[in-house]
Amino acid sequence: MKKLFIMLSVMLLTGFIFAEEQTGEEPQFQNAEEVKENAEAAQTDLKKETEPQKEEDKKEEAAPAKEEKPIFLEEKKDELPQRNYEAGFELEKKELTKKWYFLPINLSIGTSLQVGLTVAQFTHKNFEIRIANLMLGPGFRFGSSVKNDDDDGFIPGLAFLGEVSFGKFFGNPLKENCFGIILGVGSKVVFDIRKVEEGDMWDDGLSFDDTLYVDFLPVYLTYRWHKGDKFYDISLRIPLVWQNGVYKMSDETRLYNGVPDMTLNFSFIF
């Protein structure tokens, strides 16, 4: 009986322990299921938050592509002739580097008033040659005489100029306004015509013994400006070598003017 009681007590104790272990494991299964449900809910919320952000990023990345304007083949063909290298090539082909001018008109104002022309004038970039510059007109000098007071002061004469000249411009005189220096090779002469009888001037000719003035190697300080295809020159003529003439009366001689004959010159072409 005692043994039976002991066996029943052991069985009850074992059953109680087993039941206690079973009841202790149930909360663990319940906690695991709750954690799983919470994880799935958190993952669902994360997807809801991240998916709109991804859609906005995709819209922003796609926006610049929509603003680009498509270029068609016809538009590209129209733009080809306007390329810079083609325009530069055309300008280089049409650039003016040399030109001939014929019969420019010349006007000289100083102690002589002369009108004339240049037969031909060749300009190459900044270099120029003038061929056969010819001018003619009335001239005068000032002088004095001991024996005849009527000879004092104004001495009438005839001025002639003939020269070839060449020079350099500081710029391109074919297309822009610029300064230049031109050297003349030739002479300007003012003849004394007081002794010449009327009507005999062209028959007997003019003598260099009766010159009032002569000069050589003039320098022209020139400024040229353009108006369309025409050009205009204004220059100051300064002779480097000059000699005033000697007028003889009885056995007396007098020198007329001891200064060079500087003149203001104009040259232009129509």
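Residues numbered from 1 in each chain as written. Predicted model: local features only at pLDDT ≥ 70, side-chain atom pairs only at ≥ 80, totals over all residues. Heavy atoms only, no water.

Describing the nonpolar core
Then, in step 1: Judged by nonpolar contacts, Met135, Leu161, Phe169, Cys178, Ile182 and Tyr220 together constitute the single largest core of 6 residues.
Then, in step 2: Elements with a minimum of two residues in this core: strand E5 (153–169) and strand E6 (178–192).
Then, in step 3: When neighbours within four sequence positions are excluded, Met135 is seen to be in contact with Asn106, Leu107, Ser108, Gln114, Val115, Gly116, Ala159, Phe160 and Leu161.
Then, in step 4: In terms of nonpolar packing, the next biggest core, distinct from the first, is built from 5 residues, Ile155, Ala159, Leu212 and Tyr213 among them. (Core = buried A, V, L, I, M, F, W, Y, C linked by side-chain atoms within 4.5 Å. Buried < 20%, exposed > 50% of the residue type's maximum accessible area, 1.4 Å probe, protein only. Helix = DSSP H or I, 4+ residues; strand = E, 2+ residues; numbered from the N terminus. Contact = heavy atoms within 4.5 Å.)

Structural notes on the environment of Ile269
Then, in step 1: The residue Ile269 is located in the segment after strand E11 (263–268) in this model.
Then, in step 2: Given the relative accessible area of 12%, Ile269 is considered buried.
Then, in step 3: Ile269 sits 165 residues away from Pro104 along the chain, and the two C-alpha atoms are 4.8 Å apart.
Then, in step 4: Sequence-distant contacts of Ile269, defined by excluding residues within four places in its chain, comprise Tyr101, Phe102, Lys230 and Phe231.

Details of the pattern of salt bridges
Then, in step 1: A complete count under the given rule lists 7 salt bridges for this structure.
Then, in step 2: Notably, a salt bridge pairs Asp261 with Lys188, separated by 2.9 Å at the nearest N-O pair. With Asp261 in the loop between strand E10 (252–255) and E11 and Lys188 in strand E6, the pair connects residues that are 73 residues apart, well separated along the chain. Of the two residues examined, Asp261 and Lys188, each falls in the buried class.
Then, in step 3: For Arg224, the salt bridge identified is with Asp233, shortest N-O distance 2.7 Å. The same class applies to Arg224 and to Asp233, which are both buried.
Then, in step 4: Members of the salt-bridge network, linked through shared partners, are Glu128, Arg130, Arg224 and Asp233. (Salt bridge = Lys/Arg side-chain N within 4 Å of Asp/Glu carboxyl O.)

All we've got here are geometric facts, nothing functional implied.
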